[in-house]
Amino acid sequence: MGRARMHDGSTIEVEVHGSGPAVLLPVDPQPVEGEQAEELRKWGADPALGRSLIDGLSDAFQVVAFDYTGHCLSTPKPDTLTPENVAADLLAVADAVGAERFAYYGYSWLGLSGLQLAIRTDRLAALVMGGYPPYGGPYAEMLRVTEAAYAEAVNPAPVLKSSDDAYDWSSAAVSTTEEQAKQFVTLYEALRGFDDRAVRLSCPRLCFAGSADAISYDERWGGVVVDIGGPLVRHRAELEALGWDVEVLDGLDHMGAMQAATVLPILRPWLTRALRE
């Protein structure tokens, strides 16, 4: 266990498990417990996701685990969470454990972060993006959503829930602070003009998402559809021509496609092949 220094001078705890080719895994190594765990389960999330991924990989790889999302929430970077600084933070983690070459797997905005890392370094041995398309990504839509989340954090609206008390994205209450929300506006504002169709990479790379991964937000959240799975289906030929391996997981939504039981059967054999080539 060690610590890496982030671009803003804060530090993040880094755990290393196993031996072999290094794989950076921005996940929380500690399972969430208690009421917070129950809340995560209501949303379809796994409170022990990070631990499950670590355990499923560490017998074959040197897993470098660090809770980057948790760090950004506990130490917000409202004006500095830019793609360049995110990439610098990820490289700082690799430096902290002496990993000159490494693979990276991230899901959702952490998958997007992996793409930003890949275009800024030649140290990546392999890249896996889950839950965010590397081609035709919903950058404009995510900017709208994050702007709405920031506005909500500044001026919270009454909590809305459907009559059956079901959990859905549109009825969610904002629990983030202004600084926590603003850092993601900063990130997507910096990506406003980013053209992912022009990206050319040389390292082995895999992208995957659920075929049902498309979230419709009402006007409270920007009135947009954030389509994650659709671009992989529509642009599969283009992605494969650019050297991407593509996996579309039939019927799974954003939460379903991130579960360890789904990810590990894809991630582990792919990394084994990619890091032996």
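For clarity, every value in this text was computed on a predicted model and none was experimentally measured.

Student: A description of the overall build of the chain should follow, citing residues and the corresponding values.
Tutor: A tally of helices and strands in the chain yields ten helices and ten strands. Buried positions account for 51% of the 277 residues belonging to the chain. The long-range share in the chain, meaning contacts at least 24 apart out of those at least 6 apart in sequence, stands at 75%. For the chain, the computed accessible surface area is about 12,200 Å², with 50% contributed by carbon and sulfur atoms.

Student: Could you give me a rundown of the nonpolar core, with the residues and numbers involved?
Tutor: In this structure, Tyr68, Val93, Phe102, Trp109, Leu127, Tyr188 and Trp244 are the most contacted members of the largest nonpolar core, which totals 57 residues. The biggest single contributor to this core is helix α4 (residues 83-96), with seven residues. Setting aside its immediate chain neighbours within four residues, tryptophan 109 contacts Tyr68, Thr69, Cys72, Leu81, Phe184, Leu187 and Tyr188. In terms of nonpolar packing, the next biggest core, distinct from the first, is built from 31 residues, Val27, Ile54, Ala126 and Ala257 among them.

Student: Please provide a residue-by-residue account of the packing of aromatic side chains, values included.
Tutor: Throughout the structure, instances matching the rule amount to six aromatic pairs. Ring centres 6.1 Å apart and planes at 45 degrees place the aromatic pair tyrosine 107 and phenylalanine 208 in the tilted group. Of the two residues, tyrosine 107 sits in strand β5 (residues 102-107) while phenylalanine 208 sits in strand β7 (residues 205-210), which places them 101 residues apart along the sequence. Phenylalanine 208 matches tyrosine 107 in its accessibility class, with the two residues each being buried. With a centroid separation of 5.2 Å and an interplanar angle of 80 degrees, the aromatic rings of tryptophan 109 and phenylalanine 184 are classed as edge-to-face.

Student: How would you sum up the sheet that holds β7? Please name residues and give values.
Tutor: Reading across from one edge, β1-β2-β4-β3-β5-β6-β7-β10 is the order of the eight strands in this open sheet, with mixed pairing throughout. Unpaired on one side and paired on the other, β1 (2-5) and β10 (244-249) mark the two borders of the sheet. Within this sheet the neighbouring strands show an average axis-to-axis angle of 20 degrees, counted without direction. Most of the contacts of helix α10 (residues 260-274) go to strand β6 (residues 124-130), to which it runs at about 160 degrees, and overall it touches β3 (22-25), β5, β6, β7 and β10.

Student: Give a description of the environment of proline 133 that names residues and reports values.
Tutor: Looking at the secondary structure, you find proline 133 in the loop between β6 and α6 (139-154). For the pair proline 133 and aspartate 196, spaced 63 residues apart in the sequence, the C-alpha separation amounts to 9.2 Å.

Student: Can you explain the pattern of salt bridges? Please cite residues and give values.
Tutor: Summed over all chains, the structure comprises twelve salt bridges. Between arginine 51 and aspartate 55 there is a salt bridge, and its shortest N-O distance comes to 3.5 Å. Residue arginine 51 and its partner aspartate 55 are both found in helix α2 (residues 49-57); the two are separated by four residues, about one turn of the helix. Residue classification places arginine 51 among the partly exposed residues on the basis of a relative accessible area of 22%. In this structure, the salt-bridge partner of arginine 123 is aspartate 95, at a minimum N-O distance of 2.9 Å. With a gap of 28 residues between them, arginine 123 in the loop between α5 (109-118) and β6 and aspartate 95 in helix α4 connect regions that are remote in the sequence. When salt bridges that share partners are traced, they join Glu15, Arg51 and Asp55 into one network.

The rules we used
Residues numbered from 1 in each chain as written. Predicted model: local features only at pLDDT ≥ 70, side-chain atom pairs only at ≥ 80, totals over all residues. Heavy atoms only, no water. Helix = DSSP H or I, 4+ residues; strand = E, 2+ residues; numbered from the N terminus. Buried < 20%, exposed > 50% of the residue type's maximum accessible area, 1.4 Å probe, protein only. Contact = heavy atoms within 4.5 Å. Areas by Shrake-Rupley, 256 points an atom, 1.4 Å probe, with all protein chains shown as cover. Core = buried A, V, L, I, M, F, W, Y, C linked by side-chain atoms within 4.5 Å. Phe/Tyr/Trp six-rings, centres within 6.5 Å; stacked < 30°, edge-to-face > 60°. Pairing = 2+ DSSP bridges. Axes fitted to C-alpha atoms, helices over the stretch in contact; angles between N-to-C directions. Salt bridge = Lys/Arg side-chain N within 4 Å of Asp/Glu carboxyl O.

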